[in-house]
Amino acid sequence: MIHRNDPCWCGSGKKWKACHYPAAAPMAAISPESIKKLYYQKFDIIIKDALQIEGIRKACKLTSDILSATCAMAKEGVTTRELNDFAHKLHEEAGAIPAPLHYGSPPFPCSICTSLNEVICHGIPDDTPLRQGDIVNIDMSCILNGFYGDCSRMVLIGEVSAEKRLVVEVSKECLLRAIAPLKPGVLVSHIGDIIETYATAHGCSVVNQFVAHGVGVEFHEGPQVPHHRNKIHIPLVAGMTFTIEPMINAGVREAVIDRYDGWTARTRDGKPSGQWEHTILITEEGHEVLTHWN
């Protein structure tokens, strides 16, 4: 919830009480085109039109379908490289491009991310076979006709420890609880409030070195969407598309980046981590989950 002495959502630099207080009035008074311009200039947020939303919706469906097929292949003895190659082939058959491939600096070397056990995110597929007791996050991002979809889910390989099952279940519940109240006027910061409250109540921590993000026209757009408590008091408006992807650890929240590959983020204490992700559209009435899990 935004407070009177917090910075105003409009980006003026003034306190809310001296600018757009109360919050409900200004959003209703501003035209859709003015909101679109304001959000892009102040927050780097692209408010999508109907054609863009349709393109993003199709990209998200394809991303979800490839993720579901790849997760179904994730079984004991299968290597994470085999999962990557399978997903890459499905991209090619659909006329899509894997968004992670060659992204960033250093360029990411694979088409998907596979994060095993204590790996929080950005795990690089290799010749490591999946084993009984593993948990793995498979993160899929597709470009279809210039539009992006992004989602991930956890897969459990056989019987897993109670600690691993905890982070899998808590991270999924954090995501679902964070999505439930989304509608125009809800603040971005409310997402982190919900997630950190639930995670800490169950003895887990929330990673704060990585955030969710706007997505759709570009791979990473504004706003940043932290999963911990924060002061990003930007009201949601119809036409926003962004991910929510809480990374929940069984131990401490801190991540350590692999100094050799520059990507793999592991828990500092070696305890397991879980993550689930959806792409969300804010509608006039509420929200729409653009990705799905089978």
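Residues numbered from 1 in each chain as written. Predicted model: local features only at pLDDT ≥ 70, side-chain atom pairs only at ≥ 80, totals over all residues. Heavy atoms only, no water.

A. Representation of the overall build of the chain in the model. Helix and strand counts for the chain stand at six helices and 15 strands. Computed over C-alpha atoms, the radius of gyration of the chain comes to 19 Å, within 12% of the 19 Å expected from 2.2 N^0.38 for 294 residues, which places it in the range of a compact globule. By its C-alpha atoms, the chain is 60 × 45 × 35 Å across when sized along the principal axes. A total of 294 residues make up the chain; the buried ones form 54% of that total. (Helix = DSSP H or I, 4+ residues; strand = E, 2+ residues; numbered from the N terminus. Rg over C-alpha atoms; globule rule 2.2 N^0.38 Å. Buried < 20%, exposed > 50% of the residue type's maximum accessible area, 1.4 Å probe, protein only.)

B. How the structure looks around the sheet that holds strand β11 (residues 255-257). With antiparallel pairing, three strands are arranged side by side in an open sheet as β3-β12-β11. What marks the edges here is a single partner per strand, and that holds for β3 (119-121) and β11. Averaged over all neighbouring strand pairs, the angle between strand axes comes to 40°, with direction disregarded. Taken together, the two bridges between β3 and strand β12 (residues 265-267) define a ladder with antiparallel strand orientation. Following the sheet pairing, V119 is matched in β12 by R266. (Pairing = 2+ DSSP bridges. Axes fitted to C-alpha atoms, helices over the stretch in contact; angles between N-to-C directions.)

C. How the structure looks around unusual backbone geometry. In this structure, the amide linkage connecting S105 to the following residue, P106, adopts the cis form with an omega of 0°. Following G222, the chain continues to P223 via a peptide bond in cis, the omega torsion being 0°. Considering the arrangement of structural elements, one finds P223 in strand β8 (residues 221-225). We note that D44 has phi near 60°; this positive angle belongs to a residue other than glycine. For D44, the position within the fold is in the loop between α2 (32-43) and α3 (50-73). Although it is not a glycine, N145 adopts a positive phi angle of roughly 55°. Tracing the chain through its elements places N145 in the loop between β4 (135-144) and β5 (147-156).

D. Geometry of the packing of helix α5 (residues 162-179) against helix α6 (residues 188-201). The contact between α5 and α6 brings their axes to 9 Å, and the two run at 145°. When the axes of α5 and α6 are compared, the crossing they make is right-handed. Residue-level inspection shows V170, E173, C174, R177 and A178 of α5 in contact with α6, the latter providing I191, I194, I195, Y198 and A199. Among the residues forming the contact of α5 with α6, the class breakdown is eight nonpolar, no polar and two charged. (Left-handed = near helix turned anticlockwise from the far one by under 90°. Contact = heavy atoms within 4.5 Å. Nonpolar A, V, L, I, M, F, W, Y, C, P; charged D, E, K, R; others polar.)

E. Looking closely at the packing of α3 against helix α4 (residues 80-94). Two elements in contact, α3 and α4, have axes whose closest approach is 10 Å; the angle formed by their N-to-C orientations is 150°. With respect to the hand of their crossing, α3 and α4 are arranged in right-handed fashion. For the pair α3 and α4, contact is made by L62, I66, A69, T70 and M73 and by E82, L83, F86, A87, L90, H91 and A94, respectively. A class-by-class count of the residues in the contact of α3 with α4 yields nine nonpolar, two polar and one charged.

F. Region of interest: the pairing of β8. A large share of β8 lies buried, amounting to four of its five residues. Note: strand β7 (residues 212-214) against β8, three bridges, orientation antiparallel. Residue pairing in the sheet places G214 in a bridge with E221 of β8. Where β7 hands over to β8, the hairpin turn is made up of six residues, of which G216 adopts a positive phi near 140°.

G. Quick peek at the pairing of β4. When you tally the buried positions in β4, you get ten out of ten residues, the bulk of the element. Neither face of β4 is left uncovered, since the one carrying I135, N137, D139, S141 and I143 and the one carrying V136, I138, M140, C142 and L144 both have all their residues buried. With two bridges joining them, strand β1 (residues 97-98) and β4 adopt antiparallel strand pairing. Each bridged residue has a counterpart across the sheet, and for I97 the counterpart in β4 is I143. One ladder, built from four bridges, connects strand β2 (residues 113-116) with β4; its direction is antiparallel. Note on β4: the bridge partner recorded for S115 is N137. Pairing of β4 with β5, which is carried by ten bridges, proceeds in the antiparallel orientation. Residue pairing in the sheet places M140 in a bridge with C151 of β5. The antiparallel hairpin formed by β4 and β5 contains two residues in its connecting segment, where N145 sits at a positive phi of about 55°.

H. A look at the environment of K172. Along the chain, K172 turns up in helix α5. Relative accessible area serves as the criterion here: at 31%, K172 is assigned to the partly exposed category. Along the sequence, K172 and A212 sit 40 residues apart, while their C-alpha atoms lie 15 Å from each other. The contact partners of K172, leaving out residues within four places of it in the chain, are W276 and W293.

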